[in-house]
Amino acid sequence: MSPAFAGFFCGKNMMESERVSIEYTHTLDLLEIPDASVDPVKGTTGLVMFFFPHQDDDTAFGDKLRRKFQEKGYDVVFVYLTEGEKGKLNGETEPEEIVREVRQGEANHAMRYYKTSQFTLDLGDGVLYRRKENVIDKVSTLLEAANPDYVVTIHRNEITPEWDNTDHPGGDIVISAEQVNTKNLPPGHPAIKRRPHLIEITSDPLKASHYLSVTPQEMDERVENARINYPTQLGFMPPDELRQKYENILQPPNRRGPAREYYFVTR
């Protein structure tokens, strides 16, 4: 029995989940991203597609991962599954057509800021599961056309009370679409097709296999960038409150240990 668990079974005052999470975060592997390679036929570098339900989800989930991919030479594309029309502006309810326009404008600004690209699928804010077959079809078609090296999404079982969570566990929709894209091949298609690596972002280290550390400076930058790029969603919040929301998903549930982005990597 490891020393960490021995103390628990000796009756020390610590909840089991707390002890397990401390032990588990020590066993995670650092996520290593290889340098992007150039496709000699297309003349392009590696491609990564991040799938998010809403504009601004990119600030809470995967910001460090996006930076890491760019450092390694990959082109990064953010795919938003909805236009975020059920959201509010500056905490207030507005007509959906206005919310759509404002949130799309903020997403465009953010992409210029991040030096990434973005694509929006209007698949229904808050109702992704009701339209699962349609979502799978749309995402599968997009993946077939883009053929990315990596697909990144929020973990299929992610529940994060600090953020809108109705659509966040939609990662399994993207995963299903990625599987459809490679299993249901059309007639005449080569039997073997390169599948992208799949990375799911999670706030729960017990669901993770890998991590990237987030420094205090990077946390400060995350808060500042979120307030600059998404003023109607995050800019009106006090910086300390916004930082706390990020820290709640970047640290173990017991609040012990460094800030980290956690990932479940299946291949």
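In what follows, the structure referred to is the one given above.
What you see is a predicted model; the values in this text were computed from it and never measured.

A.B. asks: Requested: an account of the overall build of the chain, with residues and values cited.
C.D. replies: Summing up its helical and strand segments, the chain has ten helices and eight strands in all. Scored against the burial criterion, the 267 residues of the chain give a buried share of 48%. Considering only residue pairs separated by 6 or more positions, the chain has 76% of its internal contacts joining residues 24 or more positions apart. Just so you have it, the chain exposes about 13000 Å², and 52% of that area is on carbon and sulfur atoms.

A.B. asks: Tell me about the packing of aromatic side chains, and please be specific about residues and values.
C.D. replies: For the coordinates displayed, the defined rule picks out ten aromatic pairs. Among the aromatic side chains, those forming a connected cluster through ring pairs are Phe 50, Phe 52, Phe 69, Tyr 74, Phe 78, Tyr 80, Tyr 113, Tyr 114 and Tyr 150. Over the ring of Tyr 246 we find Arg 222; its NZ or CZ atom is 5.9 Å from the centre of that ring. Directly above the aromatic system of Tyr 211 lies the positively charged group of Arg 260, at a separation of 3.8 Å from the ring centroid.

A.B. asks: Lay out the sheet that holds strand β5 (residues 150–154) in plain terms, naming residues and giving numbers.
C.D. replies: Strand order in this open sheet of eight strands is β1-β7-β8-β6-β5-β2-β3-β4, and the pairing throughout is mixed. At either end of the open sheet lies a strand with only one pairing partner, and these are β1 (29–30) and β4 (117–120). Packed onto the sheet, helix α5 (residues 96–114) meets β3 (75–80) and β4 and runs at close to 155° relative to β4.

A.B. asks: Would you mind going over the pattern of salt bridges in detail, with residue names and values included?
C.D. replies: It is possible for side chains of opposite charge to pair when their charged atoms get near one another. Taken as a whole and judged by the stated rule, the model has 14 salt bridges. In this structure, Lys 72 engages Asp 35 in a salt bridge whose closest nitrogen and oxygen atoms are separated by 3.7 Å. In this pair, Lys 72 sits in the loop between α4 (63–71) and β3 while Asp 35 sits in the loop between β1 and β2 (47–52), placing the two residues 37 residues apart along the sequence. Classification of Lys 72 as partly exposed rests on a relative accessible area of 30%.

A.B. asks: I'd love a proper account of the packing of α4 against helix α8 (residues 216–229), names of residues and values included.
C.D. replies: Two elements in contact, α4 and α8, have axes whose closest approach is 11 Å; the angle formed by their N-to-C orientations is 100°. One way to sum up the angle between α4 and α8 is to call them roughly perpendicular. Every residue of α8 that contacts α4 at Asp 63, Lys 64 and Arg 67 is listed here: Glu 218, Glu 221, Arg 222 and Asn 225. Taken together, the residues of the contact of α4 with α8 sort by class into no nonpolar, one polar and six charged.

A.B. asks: How would you sum up empty space enclosed by the protein? Please name residues and give values.
C.D. replies: Counted according to the given criterion, the structure contains one cavity of 30 Å³ or more. Lining the largest cavity we find Ala 60, Phe 61, Gly 62, Ile 201, Thr 202, Ser 203, Ile 249, Leu 250, Glu 261 and Tyr 262. Counting residues per element, the ones that place at least two in the lining of the largest cavity are β6 (197–202), α10 (239–250) and β8 (260–265). For the lining of the largest cavity, the residue count by class is six nonpolar, three polar and one charged.

A.B. asks: Explain the side chain of Thr 59 to me, using residue names and the numbers behind them.
C.D. replies: Position of Thr 59 relative to the elements: it lies in helix α3 (residues 57–60). Taking the relative accessible area as the measure of exposure, Thr 59 reaches 1% and is therefore buried. A polar atom in the side chain of Thr 59 sits 2.8 Å from the backbone oxygen of Asp 56.

A.B. asks: Tell me what's going on with the packing of α8 against α10, and back it up with residues and numbers.
C.D. replies: Geometrically, a packed helix pair is captured by the angle between its two axes and the distance between the axes. Contact geometry of α8 with α10 gives a least axis separation of 10 Å together with a crossing angle of 120°. With respect to α10, the element α8 is oriented oblique. At the point where α8 passes α10, the crossing takes the right-handed sense. When α8 is examined against α10, the residues Pro 216, Met 219, Asp 220, Arg 222, Val 223, Ala 226 and Arg 227 are found in contact with a partner set consisting of Pro 239, Leu 242, Arg 243, Tyr 246, Glu 247 and Leu 250. Across the contact of α8 with α10, the residue classes break down as eight nonpolar, no polar and five charged.

Analysis parameters
Residues numbered from 1 in each chain as written. Predicted model: local features only at pLDDT ≥ 70, side-chain atom pairs only at ≥ 80, totals over all residues. Heavy atoms only, no water. Helix = DSSP H or I, 4+ residues; strand = E, 2+ residues; numbered from the N terminus. Buried < 20%, exposed > 50% of the residue type's maximum accessible area, 1.4 Å probe, protein only. Contact = heavy atoms within 4.5 Å. Areas by Shrake-Rupley, 256 points an atom, 1.4 Å probe, with all protein chains shown as cover. Phe/Tyr/Trp six-rings, centres within 6.5 Å; stacked < 30°, edge-to-face > 60°. Lys NZ or Arg CZ within 6 Å of the ring centre and 35° of its normal. Pairing = 2+ DSSP bridges. Axes fitted to C-alpha atoms, helices over the stretch in contact; angles between N-to-C directions. Salt bridge = Lys/Arg side-chain N within 4 Å of Asp/Glu carboxyl O. Parallel < 35°, antiparallel > 145°, perpendicular 65-115°, else oblique. Nonpolar A, V, L, I, M, F, W, Y, C, P; charged D, E, K, R; others polar. 1 Å grid on protein atoms, 1.4 Å probe; cavity = no way out; pocket = protein on both sides within 12 Å on 5 of 7 lines; lining within 4 Å. Points joined across faces, edges and corners; volume = space filled by probe spheres on them. Polar contact = N/O pair within 3.5 Å; in protein donor to acceptor, adjacent residues only side chain to side chain. Left-handed = near helix turned anticlockwise from the far one by under 90°.

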